[in-house]
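# Coordinates in review
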Amino acid sequence: MGSQGLDIATVALIMLVVAVVIAIALGVRTVPQGYNFTVERFGRYSRTLGAGLGLIIPLFDRIGHKVNVMEQVLDIPSQEAITKDNAGVRIDAAAFYQVLDAAKARYEVSALDQALVVLTMTNIRTVVGSMDLDQLLSHRDEINERLLRVMDAAASPWGVKVTRIEIRDILPPADIVGAMNRQMKAEREKRAAVLEADGMRQAEILKAEGLKQSQILAAEGRREAAFRDAEARERSAQAEAAATAMVSEAISRGDIQAANFLIAERYTDALKAIASAPNSKVVIVPIEAAALAGTVGGIAQLTKAVFGDEAVANRRVGSVPAAGRSVEG
């Protein structure tokens, strides 16, 4: 009897140990990273298990929902919407959200993804209806921002954080697209014409500036040349006056050779002017040779007396031709 009672106690102990092991095995739950498990006790939400090992009471507790708490993308179906100026457009979008409270995401709303899709589509139509077509096409960032504010506020009671709303595509009707293309082409042609006209205007301005500078430089050159010509004439006149004064002084002293020099110089200058006239080719000058020779001799003696022997030699080189000889122009 004693051994039989011992056997029963051993079996009972073994069964108790096995039951404890099974209970522990059933009560230990491993939660993956990026997930939260909701725990229900007798069908009512009790608590939430985070990532790692979690314990529940077997037969009393059970895992209600396995909730993904990572950021997720939600594809928004393409839909038709009417703008403020009654233009129909087709809009395609995507929403990004993250579950912050697993209990609210499962017990505050049924079918969270579907609810977010419907909410996004409704708000897209609302935002599009408040904007003109041109504003809609050129202000996508503003549309995304407005949708994000509305969606985040609406999804907050569900324990969800809407992180981004992206408008992927906006498709106007084909006739509006054609009109927009024609408008864009006309605008570009207008800008090209304006740029071309501006370039021509700049070129004309630069050309006029260059012409102005060239005229100014030419006028300055002419002024400088006139100044130098006047200076040369002044110096020539001074030299002529000095020579005339010297000759006059010599004449006043009774020097007949000085008078001969002055007369011969004026005479040879007159012959030179007649010979260089453009309408005369041959000039016959009847001159008495002895008188001309005497005049030239007087010039030589006066020049020697005033300037020295070298000036006499130079004067002889430039003496007039003999009388009766023709001078060809």
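Scoring rules and cut-offs
- Residues numbered from 1 in each chain as written.
- Predicted model: local features only at pLDDT ≥ 70, side-chain atom pairs only at ≥ 80, totals over all residues.
- Heavy atoms only, no water.
- Pairing = 2+ DSSP bridges.
- Helix = DSSP H or I, 4+ residues; strand = E, 2+ residues; numbered from the N terminus.
- Axes fitted to C-alpha atoms, helices over the stretch in contact; angles between N-to-C directions.
- Parallel < 35°, antiparallel > 145°, perpendicular 65-115°, else oblique.
- Left-handed = near helix turned anticlockwise from the far one by under 90°.
- Contact = heavy atoms within 4.5 Å.
- Nonpolar A, V, L, I, M, F, W, Y, C, P; charged D, E, K, R; others polar.
- Phe/Tyr/Trp six-rings, centres within 6.5 Å; stacked < 30°, edge-to-face > 60°.
- Buried < 20%, exposed > 50% of the residue type's maximum accessible area, 1.4 Å probe, protein only.
- Lys NZ or Arg CZ within 6 Å of the ring centre and 35° of its normal.
- Polar contact = N/O pair within 3.5 Å; in protein donor to acceptor, adjacent residues only side chain to side chain.
- Core = buried A, V, L, I, M, F, W, Y, C linked by side-chain atoms within 4.5 Å.

This part covers the sheet that holds strand β6 (residues 72–82). The antiparallel open sheet is built from three strands, whose spatial order is β6-β7-β8. Edge strands, defined here as strands with exactly one partner in the open sheet, are β6 and β8 (160–171). Taken pair by pair, the neighbouring strands of this sheet meet at an average axis angle of 20°, ignoring direction.

It is worth spelling out the sheet that holds strand β3 (residues 44–49) at this point. The sheet built from three strands is open, its strands ordered β3-β2-β5 with antiparallel pairing. Looking at the sheet topology across the chains shown, the edges are occupied by β3 and β5 (61–68). Averaged over neighbouring strand pairs, the angle between their axes works out to 30° when direction is ignored. One ladder, built from six bridges, connects strand β2 (residues 35–41) with β5; its direction is antiparallel. Paired with V39 across the two strands is I63, which belongs to β5.

With their axes 10 Å apart at the nearest point, helix α3 (residues 112–129) and helix α5 (residues 140–155) run at an angle of 140° to one another. When the interaxial angle is binned, α3 and α5 end up oblique. In terms of crossing hand, the pair formed by α3 and α5 is right-handed. Side by side, α3 and α5 meet where L116, L119, T120, N123, I124 and V127 of the first sit next to I143, R146, L147, V150, M151, A154 and A155 of the second. Along the lines of polarity and charge, the residues of the contact of α3 with α5 split into ten nonpolar, two polar and one charged.

With that settled, consider the packing of aromatic side chains. Applying the stated criterion across every chain yields a total of two aromatic pairs. Ring geometry for F42 versus F60: centroids 5.5 Å apart, planes at 90°, classification edge-to-face. Of this pair, F42 sits in the loop between β2 and β3 while F60 sits in the loop between β4 (52–55) and β5; the two residues are 18 residues apart in sequence, bridging distant segments of the chain. Given a relative accessible area of 64%, F42 falls into the exposed group. F60 gets classed as partly exposed once you look at its relative accessible area, which sits at 43%. When the centroid spacing of 5.5 Å and the interplanar angle of 50° are considered together, the rings of Y45 and Y107 count as tilted. With Y45 in strand β3 and Y107 in helix α2 (residues 102–107), this residue pair connects regions lying 62 residues apart in the sequence. Residue class for Y45 comes out partly exposed when judged on its relative accessible area of 34%. Residue class for Y107 comes out partly exposed when judged on its relative accessible area of 33%. For the cation-ring pair, R164 lies above F96, with the distance from its terminal atom to the ring centre recorded as 4.3 Å.

Here we come to unusual backbone geometry. Of note in this structure, L59 is not a glycine but carries a positive phi near 70°. When you line up the elements, L59 lands in the loop between β4 and β5. A residue is classified by how much of its surface remains accessible, and L59, at 83% relative accessible area, is exposed.

A few words now on the side chain of N144. The residue N144 is located in helix α5 in this model. From its side chain, N144 meets the backbone nitrogen of I167 in a polar contact 3.1 Å long. Once residues lying within four places of it in the same chain are set aside, the contact partners of N144 are I165, E166 and I167.

The next point concerns the pairing of β3. Along a regular strand, successive side chains alternate from one face of the sheet to the other. Pairing geometry for β2 and β3, over five bridges, is antiparallel. Looking across to β3, one finds that R41 is bridged to R44. Hairpin connection, β2 to β3: the antiparallel pair is bridged by two residues, and F42 has positive phi, about 55°.

With that settled, consider the nonpolar core. Residues L112 and L116 are the most contacted members of the largest nonpolar core, which totals 35 residues. For this core, the secondary structure elements donating two or more residues are β6, β7 (88–99), α2, α3, α4 (133–138), α5 and β8. Beyond its immediate stretch of four places on either side in the chain, L116 contacts L74, Y97, M151, A155, W158 and V160. Counting residues in hydrophobic clusters, the runner-up holds six residues, among them V39, L49, I56 and I63.

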